[in-house]
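Letter by letter, the chains look like this.
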Amino acid sequence: MESVNPATGETLETYEEPTGADVDAALEAATDAFGSWSETPIQHRRTLLADAADVLRDRVDEYADLMVREMGKPVAQARSEVEKCAWVCDYYAERAEEQLSDEVIGSDAAAHTLVSYEPIGPVLAIMPWNFPFWQVFRFAAPNLAAGNVGLLKHASNVPGCALAIEEVFRDAGFPEDTFQSLLVGSDTVEDVIADDRLRGVTLTGSEGAGRAVAGQAGGELKKTVLELGGSDPFVVLDDAPMEHTLEKAVQARTQNNGQSCIAAKRFIVHDDAYDEFVDGFVDRMDDLSVGDPADEDTDVGPQARQGLMEDLHDQVERSVDAGAEVATGGEPLDLEGPFYPPTVLIDVPRDAAAATEETFGPVAAVFRVEDEAEAIELANDTDFGLGASVWTENLERGERVAREFEAGCCFVNELVKSDPRLPFGGVKNSGYGRELSEHGIREFVNRKTVWVQ
Ligand code: NDP
């Protein structure tokens, strides 16, 4: 397994893939670790999580630099990601005990009934490269707090991040093997899922990976949580506060080099606001600086792999063939490495690739609609259902529209983002289950009914 800097093409490090015997030993170690970790008082588990937050904060620059080099995230955003990981550790350090305390249903002379939340065992996390720390920590923090142990199969292009995360927990004082990174390719995953010692699987990634893993886990009757792709609508109504909307539109499409499941991808704009929005959006996208992700002033770095950029450009070309017009961008930049410019497509037909597929890069598809009803109808005209946002001066109207969206996370006058305090996840082909908040910590637990007569 190789770690390659996408901005330079330099091979950073080569790693030996574990053998079948190594994977077997890791599963055995996870099972042993679960035996004592699940019995460890939650107060102690919480303390260790708070210590993990301290480790992250102490090493923010080191880990940010690792992300910059392995997957090209702009450095300021990489530092924010490490800090957000510390936040989710602190959040569950503070809240896990209360979130997992017994829920008493009834207590009278006839019977005392309650629900207790108990850990289930080793859980496999299959994670992507785009938020290589955050996606893992939002799984690990609640699950370790709940008493489960974690096995991480990280994306093949970020093995350094995978090992660094294992190191965070080790250095925070977590018992050995409560969190292990397996540097395996996706072809090994089926065997791990089939193993009786594994109790659950969570995956963040593409729809295809989700279907494959959910199929395997379903065959083994194992619980899954899936956080898959999205094609989030960004609905600009006729009364949108335009300066604020434009600033957030650019951020929502280009954060993380445009490679985010909850990036706004389809900009659905009311006819009365259309010209002002498109002019301002194109100007602002043109103003972004594209280049070295280690440079503090860079807004958009490289795409994480050459092949991913080629796929993105293919989507742009197919959209243009279908009738879309390129308002800016639209061709790979003449730089060494997979650098794609902030791109705006207008007059995008509803059946074009940029309308129907997830565009995982800085490519915005803009649509003109006549009224609010058409905006909502188009927003929901997608197989995905992860996030959605609406922009309006009228907050009541905004909330009403947000309730009409077929999506898991709906925002008014704010870009879609994850927050440890709020449940995160999708509907339709964006997956199922929830991460974060008390909803996330209760996914991989036995919600045990207890009746005492
Ligand atoms: P993948 O979905 O292929 O990879 C995500 C993770 O799943 C990786 O750890 C990968 O391992 C693993 N994986 C892939 N296929 C399988 C499988 N059959 N069984 C078990 N594990 C599997 O994403 P890509 O990196 O290839 O990106 C392709 C597209 O996916 C992007 O362009 C984007 O549209 C979408 N995507 C969405 C993400 C999101 O946050 N929703 C995140 C990443 C990608 P390995 O790396 O070893 O293949």
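Our structure's up above, just so we're on the same page.
Overview of the structure. (Residues numbered from 1 in each chain as written. Predicted model: local features only at pLDDT ≥ 70, side-chain atom pairs only at ≥ 80, totals over all residues. Heavy atoms only, no water.)

Another point: the nonpolar core. Membership of the largest hydrophobic core comes to 97 residues, with the highest contact counts inside it found for Leu56, Phe133 and Phe137. When residues in this core are grouped by element, the largest group, 11 residues, is from helix H4 (residues 75-99). The residues contacting Leu56, other than those within four sequence positions of it, are Tyr63, Val82, Cys85, Ala86, Cys89, Phe133, Phe137 and Val168. (Core = buried A, V, L, I, M, F, W, Y, C linked by side-chain atoms within 4.5 Å. Buried < 20%, exposed > 50% of the residue type's maximum accessible area, 1.4 Å probe, protein only. Helix = DSSP H or I, 4+ residues; strand = E, 2+ residues; numbered from the N terminus. Contact = heavy atoms within 4.5 Å.)

The subject of this paragraph is the layout of surface pockets. As a volume, the largest pocket reaches approximately 840 Å³. Lining the largest pocket we find 36 residues, and of these Pro128, Trp129, Gly205, Ser206 and Ala209 sit closest to its centre. Counting only elements with at least two residues in the lining of the largest pocket, the list comes to strand E8 (200-204), helix H8 (207-219) and helix H11 (306-321). When grouped by side-chain class, the residues that make up the lining of the largest pocket number 16 nonpolar, 12 polar and 8 charged. Its boundaries defined by the atoms lining it, the second largest pocket holds a volume of some 470 Å³. Along the walls of the second largest pocket sit 22 residues, with Ser80, Lys84, Phe131, Gln255 and Lys417 positioned nearest its centre. Within the residue set of the lining of the second largest pocket, elements represented by two or more residues are H4, helix H5 (134-146) and helix H9 (242-254). The element best represented in the lining of the second largest pocket is H4, accounting for 5 residues. Of the residues assigned to the lining of the second largest pocket, the class counts are 8 nonpolar, 8 polar and 6 charged. (1 Å grid on protein atoms, 1.4 Å probe; cavity = no way out; pocket = protein on both sides within 12 Å on 5 of 7 lines; lining within 4 Å. Points joined across faces, edges and corners; volume = space filled by probe spheres on them. Nonpolar A, V, L, I, M, F, W, Y, C, P; charged D, E, K, R; others polar.)

This part is about the sheet that holds strand E18 (residues 445-452). Pairing in this open sheet of 3 strands is antiparallel, and the strands run E3-E4-E18 from one edge to the other. Each edge of the open sheet is held by one strand with a lone partner, namely strand E3 (103-107) and E18. Adjacent strand axes in the sheet meet at a mean angle of 20° when their direction is disregarded. (Pairing = 2+ DSSP bridges. Axes fitted to C-alpha atoms, helices over the stretch in contact; angles between N-to-C directions.)

Right, let's get into empty space enclosed by the protein. Evaluation of the coordinates by the stated rule reveals 3 cavities of 30 Å³ or more. Its volume calculated, the largest cavity comes out at about 60 Å³. Forming the walls of the largest cavity are Arg138, Phe139, Pro142, Asn143, Thr202, Val225, Arg434, Glu435, Leu436, Gly440, Glu443 and Phe444. Here the element with the most residues in the lining of the largest cavity is H5; it accounts for 4 residues. Across the lining of the largest cavity, the residue classes break down as 5 nonpolar, 3 polar and 4 charged.

Summed over the entire model, instances satisfying the criterion amount to 34 salt bridges. Among the ionic pairs, Lys417 bridges to Glu414, the shortest N-O distance being 3.2 Å. With relative accessibility at 21%, the residue Glu414 sits in the partly exposed group. A network of salt bridges, in which partner residues are shared, links Asp238, Asp239, Glu372, Arg397 and Arg400. (Salt bridge = Lys/Arg side-chain N within 4 Å of Asp/Glu carboxyl O.)

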